[in-house]
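If you want the building blocks of each chain, they are given just below.
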Amino acid sequence: MQKYIIEREIPKVGTFEREQLREASKASNTVLAELGPEIQWVESFVADDKTFCVYLAKDEAIIQRHAKMSGFPATKITQVKRLFDPTTAHAGA
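Now for a look at the structure at hand.

Conventions and cut-offs
Residues numbered from 1 in each chain as written. Predicted model: local features only at pLDDT ≥ 70, side-chain atom pairs only at ≥ 80, totals over all residues. Heavy atoms only, no water. Helix = DSSP H or I, 4+ residues; strand = E, 2+ residues; numbered from the N terminus. Buried < 20%, exposed > 50% of the residue type's maximum accessible area, 1.4 Å probe, protein only. Contact = heavy atoms within 4.5 Å. Areas by Shrake-Rupley, 256 points an atom, 1.4 Å probe, with all protein chains shown as cover. Lys, Arg positive; Asp, Glu negative; His and termini not counted. Charge placed at Lys NZ, Arg CZ, Asp CG, Glu CD. Arc of directions from axis to C-beta. Polar contact = N/O pair within 3.5 Å; in protein donor to acceptor, adjacent residues only side chain to side chain.

**Focus on the overall build of the protein**
And then number 1: Check the secondary structure of the protein and you find two helices and four strands.
And then number 2: Starting at the N terminus and walking to the C terminus, you meet the elements of the protein as β-α-β-β-α-β.
And then number 3: Here the C-alpha coordinates of the protein stretch approximately 45 × 30 × 20 Å along the principal axes.
And then number 4: The 93 residues of the protein split such that 27% are buried.
And then number 5: Sequence-distant contacts, at least 24 apart, represent 72% of the contacts inside the protein between residues at least 6 apart.
And then number 6: Summed over all atoms, the accessible surface of the protein reaches about 6,500 Å², with 54% contributed by carbon and sulfur.
And then number 7: Seen as two clouds, the 13 positive and the 13 negative side-chain charges of the protein have centres 4 Å apart.

Here it is as structure tokens:
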């Protein structure tokens, strides 16, 4: 499976209360269960009018299916090519 970052434009999502986020999570999880093991939600980050979600998926098409079935837009889908972090500076040293 590949790692993807999904940008979702959702007006005022940054003002959602905990219960609204809980309901959104439940809706997403229901669709994920229907789609099976070829897609997994890792985590999401909430900004003012967007969320940035990290998913593992077999391909972009299944992410689009999740977006359509759940009603959460997939405004932009970007496949992650590589990861690096502060420890990368010390790799091989």
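**What about helix α2 (residues 60-70)?**
Along an α-helix, a turn takes 3.6 residues, which lines up residues three or four apart on a common side.
And then number 1: Those residues of α2 that sit buried are I62, I63, H66, A67 and S70. With its buried residues spanning 145 degrees around the axis, α2 presents them on a single face.
And then number 2: In the core, the buried residues of α2 are packed alongside β1 (2-9), α1 (18-35), β2 (39-46), β3 (50-57) and β4 (76-79).
And then number 3: The N-terminus of α2 is capped by D59, whose side-chain oxygen sits 3.2 Å from the backbone nitrogen of A61.
And then number 4: Directly after α2, the chain includes G71, whose backbone phi takes a positive value near 85 degrees.

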